[in-house]
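Structural features, examined
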Amino acid sequence: MTDVSRDVVPLRFELSSFVNRSVASLYSHLVTRPTGQAVRLGIESQIGEIGALCVSILDFGQVAVLDYSCADETVAKLILRYQSDDRPADAYFVARGLAEHHLEAIEAVLERHDLALVAELETGPALLGKVDAEEHEVWRAVERLGRATRDDVAGYLGVETREVSRPLNSLVRRRVVLYREATGLHYALTPLVPDQ
Amino acid sequence: MKVITIPATLEERSFEDVVHALAGAEGGRVLFDARALRWVDPYGMLGLLAAAEVAGRGGDRPVLQLPQAAEVLSYLGRMRFFDHAEELFEMHGSPRRGRGGEAASDVLLEITPIREYHDVHAAVDRVNARAIEILTHQLHYPTKEAWQFGSMLSEVCQNILEHSQATGWVATQTYSRIPQLDRRVVKIGVVDLGIGFKGSLAGAHAARFGDRWGDAAALEAAFIHGLTRFHDPGRGQGLKQIRKQVGRWGGKVSIRSGTARIADVPDWDDTAPLEEKLPFFPGAQIGIVLPARSDA
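Presented here is an overview of the structure given in this document. (Residues numbered from 1 in each chain as written. Chains lettered and ligands numbered in written order. Predicted model: local features only at pLDDT ≥ 70, side-chain atom pairs only at ≥ 80, totals over all residues. Heavy atoms only, no water.)

Let's talk about the overall build of chain B
Within chain B, the regular secondary structure consists of ten helices and 13 strands. Here chain B has a C-alpha radius of gyration of 18 Å; the compact-globule value for 296 residues is 19 Å, and the two agree. Expressed as lengths along the three principal axes of its C-alpha atoms, the size of chain B is roughly 50 × 50 × 35 Å. Relative to its 296 residues, chain B shows a buried fraction of 59%. (Helix = DSSP H or I, 4+ residues; strand = E, 2+ residues; numbered from the N terminus. Rg over C-alpha atoms; globule rule 2.2 N^0.38 Å. Buried < 20%, exposed > 50% of the residue type's maximum accessible area, 1.4 Å probe, protein only.)

Here's the deal with the overall build of chain A
The helix and strand tally for chain A stands at seven helices and eight strands. Burial analysis of chain A (196 residues in total) assigns 57% to the buried set.

Section: the interface of chain B and chain A
Facing the 26 residues of chain B at the interface are 23 residues of chain A. Summed over both sides, the interface between chain B and chain A buries roughly 2,200 Å², with carbon and sulfur atoms accounting for 51% of that surface. In this assembly, chain B and chain A are joined by 15 residue pairs in polar contact (both at pLDDT 80 or more). For the side of chain B that touches chain A, the secondary-structure elements that each account for two or more residues are helix 5 (117-137), helix 7 (148-164) and helix 10 (238-248) of chain B. Its residues placed into classes, the side of chain B that touches chain A shows five nonpolar, 13 polar and eight charged. (Contact = heavy atoms within 4.5 Å. Buried area = accessible area lost by both parts, 1.4 Å probe. Polar contact = N/O pair within 3.5 Å; in protein donor to acceptor, adjacent residues only side chain to side chain. Nonpolar A, V, L, I, M, F, W, Y, C, P; charged D, E, K, R; others polar.)

Overview of the sheet that holds strand 6 (residues 147-148) of chain A
Residues and elements named next belong to chain A. Taking strand neighbours across the sheet as the criterion, the three strands line up as 6-8-7 in an open arrangement whose pairing is antiparallel. Two strands lie at the open edges of the sheet, namely strand 6 and strand 7 (177-180), each paired on one side alone. For strand 6 and strand 8 (residues 185-188), the ladder comprises two bridges, and the chain directions are antiparallel. By the bridge assignment for strand 8, alanine 148 is matched with histidine 186. (Pairing = 2+ DSSP bridges.)

A short note on the packing of helix 5 (residues 133-145) of chain A against helix 6 (residues 150-157) of chain A
Residue and element names in this part refer to chain A. Relative orientation of the contacting elements helix 5 and helix 6 amounts to 105°, with a least axis distance of 10 Å. Looking at the two axes, helix 5 sits roughly perpendicular to helix 6. In this structure, helix 5 contributes Glu137, Val138, Ala141, Val142, Arg144 and Leu145 to the contact, and helix 6 contributes Asp152, Val153, Tyr156 and Leu157. Classifying every residue of the contact of helix 5 with helix 6 gives seven nonpolar, no polar and three charged. (Axes fitted to C-alpha atoms, helices over the stretch in contact; angles between N-to-C directions. Parallel < 35°, antiparallel > 145°, perpendicular 65-115°, else oblique.)

A short note on empty space enclosed by the protein
Under the counting rule described, the total for this entry stands at four cavities of 30 Å³ or more. The computed volume of the largest cavity comes to approximately 230 Å³. B:Asn159, B:His163, B:Gly236, B:Gly238 and B:Leu239 are, among the 21 residues lining the largest cavity, the residues nearest its centre. Secondary structure elements with two or more residues in the lining of the largest cavity: helix 3 (68-83) of chain A together with helix 7, helix 8 (196-209) and helix 10 of chain B. With five residues, the single largest contributor to the lining of the largest cavity is helix 7 of chain B. Classifying every residue of the lining of the largest cavity by side-chain character gives seven nonpolar, ten polar and four charged. Each pocket or cavity is described by its volume, and for the second largest cavity that value is around 140 Å³. The wall of the second largest cavity is formed by 17 residues, among which B:Glu12, B:Asp41, B:Lys187, B:Lys252 and B:Val289 lie closest to the centre. Of all the elements in the fold, those that place two or more residues in the lining of the second largest cavity are helix 1 (12-23), helix 2 (42-55), strand 9 (185-192) and strand 13 (281-291) of chain B. (1 Å grid on protein atoms, 1.4 Å probe; cavity = no way out; pocket = protein on both sides within 12 Å on 5 of 7 lines; lining within 4 Å. Points joined across faces, edges and corners; volume = space filled by probe spheres on them.)

Structural data, given as structure tokens:
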């Protein structure tokens, strides 16, 4: 367990059932912009009620069809909202239950908005979206270490500390790594969420 | 009364004959003579409904002389053509009602009005499982790619609601072969009579096109460059995703709007990628053809 985990509230959004609640229908398909908007507003509302640092699981496990428009409204706009300086709460996101056929839409919207998203795939944790090679390498190091200072990451990768500064800062800004200034520690997101 | 003879084969190309004849009708009542009709695809069926609506705008309800071929009548019935045609045409002849839906194995999605977002959900809900089965077993697409059909159908239907400011229809069907290609295909037709791409984009983009602005420029802007009337950078990507997917499958996607048509043309088809100065027809008409994999 990491020390920050005491402060983190894990939230799990099973998106298919969320659609049911949000648009009062029985769809297992995340399609259309209004559906995506409804799902996003529902998630934002629940995060707002928590009012604390939270890592939210976006669970696609029961979602059959995911179209681009809905992914744009749900995933991209959610990340954009909590990545902005005026974010309403300190929330992070981890995608779970993604099948190969979901990835096309998710990757497309992340790319379109220059975003990144941590996902738990069958093959293990993955960083989706528009991420350069250095960011990927540093992110994998943080995931492996669980929590780490800048020096720890550099030491793990066998490089100078200054070399990891830019990618680490970028990962923190894009909210795929959690940073606590008080301790100087960087946290991987996947260890902060409960197992499936 | 102006008589418009419906070609024996009614699909995207021959629908131009109907539009051309309709453009020359110059008001008055129109009779659509479909007695010789032998083969019709979703685009042709939806186009005929749209032509009826246009012909009826002058106040005179058009007449439809039904096809003589029993199998065509039966097919139109299974596609629920008559359910929609009776609202638009005065029908002469004897339509045979098909049961439609799951009972008709060759019908993937019968003619379905798209009036609101709920209809998009319903269409995807209705067609998804069967589409995956057809795309994997008959067109031999990988399962993970077949799943994209529902997403594509959703995007193309949303195009009606988001950009036409009107309602429209969608239909899809499988064929063992088509004239251009001796392979099994899935055809999707989506037709609306809304403001068209030029109307949708004019407010946001017409000025910078200057004299070039028109139906062809609007189609290029939307189809090639992903422009929309919205300022949101996430918008306008639905068509791009459709083109990407259809291209991956070696298929064809074309959009006619106003007086122009634009298309991604595969090597098995000889349609021009951009056609201009066509007879005006309102709204947008989208045709998609997904062929079976040739290496399967």
